[in-house]
Amino acid sequence: MIDTNQLIEIRWHGRGGQGAVTSAELVAQAAINEGHYAQAFPSFGPERRGAPVLAFVRISSKQPILIRAEITEPDVVVVLDPGLLPIVNVTLGLKASGMVVVNTKKQAEQIRQEFGINWTLATVDATKIAKELLGVPITNTTMVGVLVKATGVVELDSLLEPLEHRFGRLAERNINAMRRAYEETVVKEWKN
Amino acid sequence: MVKKVGIEVSVAVADAAKLANVDVIAAYPITPQTHIVEHLAQIVADGELDAAYIPVESEHSVMSACCGASATGARTFTATAGQGLELMHEVMYVASAMQLPIVMAVANRALSAPLSVWGDHSDAMAVRDTGWIQIFVENGQEAVDNVLCAFRIAEDQRVLLPVMIHLDGFYLSHVIEPVGFPEQSEVDQFIPPYQYPLPLNPDKPVTMGAFAPPFIYSEAKKVQDVNLRASKEVIMECWKEFGNRFKRHYSPVESYRSEGTKVLLLTMGSFGETAMTAIDKMRGEGKKVGLLKLRLWRPFPFAEIRQAVKGAEVLIVLDRSLSYGGPGGPVCSEIRSALYQQEKKPQVISFIGGLGGRDITPAGFEEIITRGIEISQTGSDQEFELFGVRE
């Protein structure tokens, strides 16, 4: 499990345009609103729509965050796009105690076998939820719901204000998608 | 002080300019400064700030427009980075010599070629002789605080000089982190409306930046140098007043766990926090090492640097820019120069790193310190070491 008393480092894998940076930002804002220290930032560079991108979040409930470098040994990785699994090594540097949060319509067991992911897996079909509730396959806010359910890094309600601020009249739909993903999340741990 | 909010540092810097109630913003977007001026454009378009926003066709025009605006007595703000700062270069001398109190945020960026949008201090160092006050910040809160201080310093009648606030591109500009903002009324008291002494005014013509033949040019330059040096007292006074009001304290050279240590590392800007993490780890292992952070780059704080290194035997300086074919890092070079006449001084070891956005992790800082100590014992035939470079 993720120890929320320690510094938690989260790496987001998405494609340019899927909103990985926005979801990282929303989670950091929720954590800050809860009174924690937090930091969110993109992988720096001229990113292109559709190309694999990274975003990062650090959350610390006890100590200020005194590090400014990309996260290389994350506690959690979040994968917004299932198409990234065959082409990006999403578990690179992931701590042994870490967790993979992935958007997929497959069962966790299948993901584990297909991609050799032996870490705790949290899965949901976020693309389906996003298409149904948002009308577009943009899964960033949906996947925030999965992250929150699987890790408890922030309270789900702490995301409401950041989502409303960010999305205005579109906030409600995004909140619904996030809540539904939260409900539908399946977490599988493997006994070694 | 109100509760801290999670905000992108660029947006926070724009909000600070808004709190300072600027009259004129002239800007041209460039990565990684873009979000600052984009947000200001939005604020002005939404009617939240009564200011003239002048979108121009280049940074050369930005600085020219800023000079004109500032000369009329308007409170003037802009932001830039990297190549943009370089394109302003010649006009920046005009701004300082004509005593125009412009405030500019610089999202420090590497210089081409090869093209790099990422952060280092090459742009900041290239403009060190333009006569501006240059202040480096380490995090978003410091960026907001020092943008506010910059207006008060720049507009002080004893100073009347332009000020750059240097925040590292991406490392600060693109990070969402907790930042607290003072109330508008508190800012209004801290930066009161000001009166430019001799503004451009068609009804009352004045001559500004006149022609200077050889018989007067040297005197003009002497005055400029004396004035920039003297601004240090006002800068420190401003930080003291800021500390009294807002309980956050700034000084030209800041130290972290440096008391009684023989080995010191010196950094500038956003790398200070990562270096602190490395220092904590090494102190935990019983290694007596400390950190200095150089906040004020111009005017250079000679007395404070000399004081801060007293008792140290090794001073390791990390630069984030390179003076090709010269002494290496400009910061190290100036510190060596500042200490040269001192009877007792530490060995000064020069490292360059973090060029073009390459990270230095806490482990990297440990490595720099360990290697620096080694060089102090064995000596080196190199002017500097480029940390982590593949040869």
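Residues numbered from 1 in each chain as written. Chains lettered and ligands numbered in written order. Predicted model: local features only at pLDDT ≥ 70, side-chain atom pairs only at ≥ 80, totals over all residues. Heavy atoms only, no water.

A few words now on the interface of chain A and chain B. Where the parts come together, the accessible area they lose is often given as the size of the interface. Each partner contributes residues to the interface: chain A has 19 residues there, and chain B has 26 residues. Surface buried jointly by chain A and chain B totals about 1800 Å² across both partners, of which 61% is contributed by carbon and sulfur atoms. The interface formed by chain A and chain B contains two salt bridges. For the interface between chain A and chain B, the tally reads nine residue pairs in polar contact (both at pLDDT 80 or more). (Contact = heavy atoms within 4.5 Å. Buried area = accessible area lost by both parts, 1.4 Å probe. Salt bridge = Lys/Arg side-chain N within 4 Å of Asp/Glu carboxyl O. Polar contact = N/O pair within 3.5 Å; in protein donor to acceptor, adjacent residues only side chain to side chain.)

Here we come to the sheet that holds strand 7 (residues 163-168) of chain B. Residue and element names in this part refer to chain B. Taken in spatial order, the seven strands make up an open sheet running 3-2-4-5-7-6-12, and their pairing is mixed. Every interior strand has two partners, whereas the edge strands, strand 3 (52-55) and strand 12 (296-298), have only one. Taken pair by pair, the neighbouring strands of this sheet meet at an average axis angle of 20°, ignoring direction. In this structure, strand 2 (residues 24-27) lies alongside strand 3, joined through four bridges in parallel fashion. Across the sheet, residue I25 finds its bridge partner in strand 3, namely Y53. Sheet contacts for helix 3 (residues 59-71): strand 2, strand 4 (76-80) and strand 5 (103-108); angle to strand 4, the most-contacted strand, approximately 165°. (Pairing = 2+ DSSP bridges. Helix = DSSP H or I, 4+ residues; strand = E, 2+ residues; numbered from the N terminus. Axes fitted to C-alpha atoms, helices over the stretch in contact; angles between N-to-C directions.)

Let us now look at unusual backbone geometry. Residue and element names in this part refer to chain B. Cis geometry marks the peptide bond from S112 to A113, where omega comes out at -10°. Within the element layout of this structure, A113 appears in the loop between strand 5 and helix 5 (122-126). Note the cis peptide between R298 and P299, where omega equals -5°. Topologically, P299 is positioned in the loop between strand 12 and helix 10 (302-308). Phi angles above zero are rare outside glycine, and K247 is one such case at about 65°. Phi angles above zero are rare outside glycine, and R257 is one such case at about 50°.

All names here are of chain B. With respect to topology, six strands assemble into an open sheet ordered 9-11-10-13-14-15, the strand pairing being mixed. A single partner strand is all that each edge strand has here, and the edge strands are strand 9 (253-256) and strand 15 (385-386). Taken strand by strand, helix 9 (residues 271-284) contacts strand 9, strand 10 (263-267), strand 11 (289-294) and strand 13 (314-319), and its axis lies near 170° from that of strand 11.

The next point concerns the pairing of strand 2 (residues 37-42) of chain A. Residues and elements named next belong to chain A. Judged by how many residues are buried, strand 2 sits mostly within the fold: five of six residues are covered. By the bridge criterion, six bridges tie strand 2 to strand 3 (residues 52-60) in an arrangement that is antiparallel. Paired with Q39 across the bridge in strand 3 is R58. (Buried < 20%, exposed > 50% of the residue type's maximum accessible area, 1.4 Å probe, protein only.)

What follows covers empty space enclosed by the protein. All names here are of chain B. Counted under the stated rule, the structure contains three cavities of 30 Å³ or more. As a volume, the largest cavity reaches approximately 60 Å³. In terms of lining, the largest cavity is formed by F136, V137, E138, E142, E254, M268, G269, K293, L294 and R295. When its residues are assigned to classes, the lining of the largest cavity shows four nonpolar, one polar and five charged. (1 Å grid on protein atoms, 1.4 Å probe; cavity = no way out; pocket = protein on both sides within 12 Å on 5 of 7 lines; lining within 4 Å. Points joined across faces, edges and corners; volume = space filled by probe spheres on them. Nonpolar A, V, L, I, M, F, W, Y, C, P; charged D, E, K, R; others polar.)

The next point concerns the packing of helix 1 (residues 20-33) of chain A against helix 4 (residues 140-151) of chain A. Residues and elements named next belong to chain A. Contact geometry for helix 1 and helix 4: axes closest at 9 Å, N-to-C directions at 45°. Here helix 1 is positioned oblique relative to helix 4, judged by the angle of their axes. For the crossing formed where helix 1 meets helix 4, the hand is right-handed. For the pair helix 1 and helix 4, contact is made by A20, T22, S23, L26 and V27 and by N140, T141, V144 and L147, respectively. Residue composition of the contact of helix 1 with helix 4, grouped by class: five nonpolar, four polar and no charged. (Parallel < 35°, antiparallel > 145°, perpendicular 65-115°, else oblique. Left-handed = near helix turned anticlockwise from the far one by under 90°.)

For the rest of this paragraph, the subject is the packing of helix 9 of chain B against helix 12 (residues 362-378) of chain B. Residue and element names in this part refer to chain B. For the pair helix 9 and helix 12, interaxial distance at closest approach is 8 Å and the crossing angle is 70°. As the angle between them shows, helix 9 and helix 12 are arranged roughly perpendicular. Of the two elements, helix 9 crosses helix 12, and the hand of that crossing is right-handed. For the pair helix 9 and helix 12, contact is made by F271, T274, A275, T277, A278, I279, K281 and M282 and by P362, F365, E366, I369 and T370, respectively. Within the contact of helix 9 with helix 12, the residues separate by chemical class into eight nonpolar, three polar and two charged.

What follows deals with the environment of Q42 of chain B. Relative to the assigned elements, Q42 of chain B resides in helix 2 (residues 34-45). A relative accessible area of 45% means that Q42 of chain B is categorised as partly exposed.

As a further point, take the packing of aromatic side chains. Counting across every chain of the model gives eleven aromatic pairs over all chains. For the ring pair W239 of chain B and Y250 of chain B, a centre distance of 6.5 Å and an interplane angle of 50° mean the geometry is tilted. Here Y250 of chain B lies in the loop between helix 8 (214-246) and strand 9 and W239 of chain B lies in helix 8, a separation of eleven residues in the sequence. Since its relative accessible area comes to 1%, W239 of chain B is described here as buried. An aromatic cluster of at least three residues, connected via ring pairs, comprises F190, W239, F242, F246 and Y250 of chain B. A cation over a ring is seen here: R166 of chain A above F167 of chain A, with NZ or CZ 5.6 Å from the ring centre. (Phe/Tyr/Trp six-rings, centres within 6.5 Å; stacked < 30°, edge-to-face > 60°. Lys NZ or Arg CZ within 6 Å of the ring centre and 35° of its normal.)

To continue, consider the domain arrangement of chain B. All names here are of chain B. Split into domains, chain B comes out as domain 1 (4-246) and domain 2 (253-386). Centre-to-centre separation of domain 1 and domain 2, based on C-alpha positions: 28 Å. Contact with domain 1, which involves 30 residues of that partner, is made by 29 residues of domain 2. Taken together, both faces of the contact between domain 1 and domain 2 bury some 2400 Å²; the carbon and sulfur share is 54%. Counting across the interface, domain 1 meets domain 2 through five salt bridges. A salt bridge links E334 to R128; the nearest nitrogen and oxygen atoms lie 2.8 Å apart. If you look at where domain 1 meets domain 2, you find 17 residue pairs in polar contact (both at pLDDT 80 or more). Looking at the side of domain 1 that touches domain 2, the elements that each hand over two or more residues are helix 5, strand 6 (133-136), helix 6 (140-155) and helix 8. Residue composition of the side of domain 1 that touches domain 2, by class: 14 nonpolar, eight polar and eight charged. (Domains from an automatic or database assignment.)

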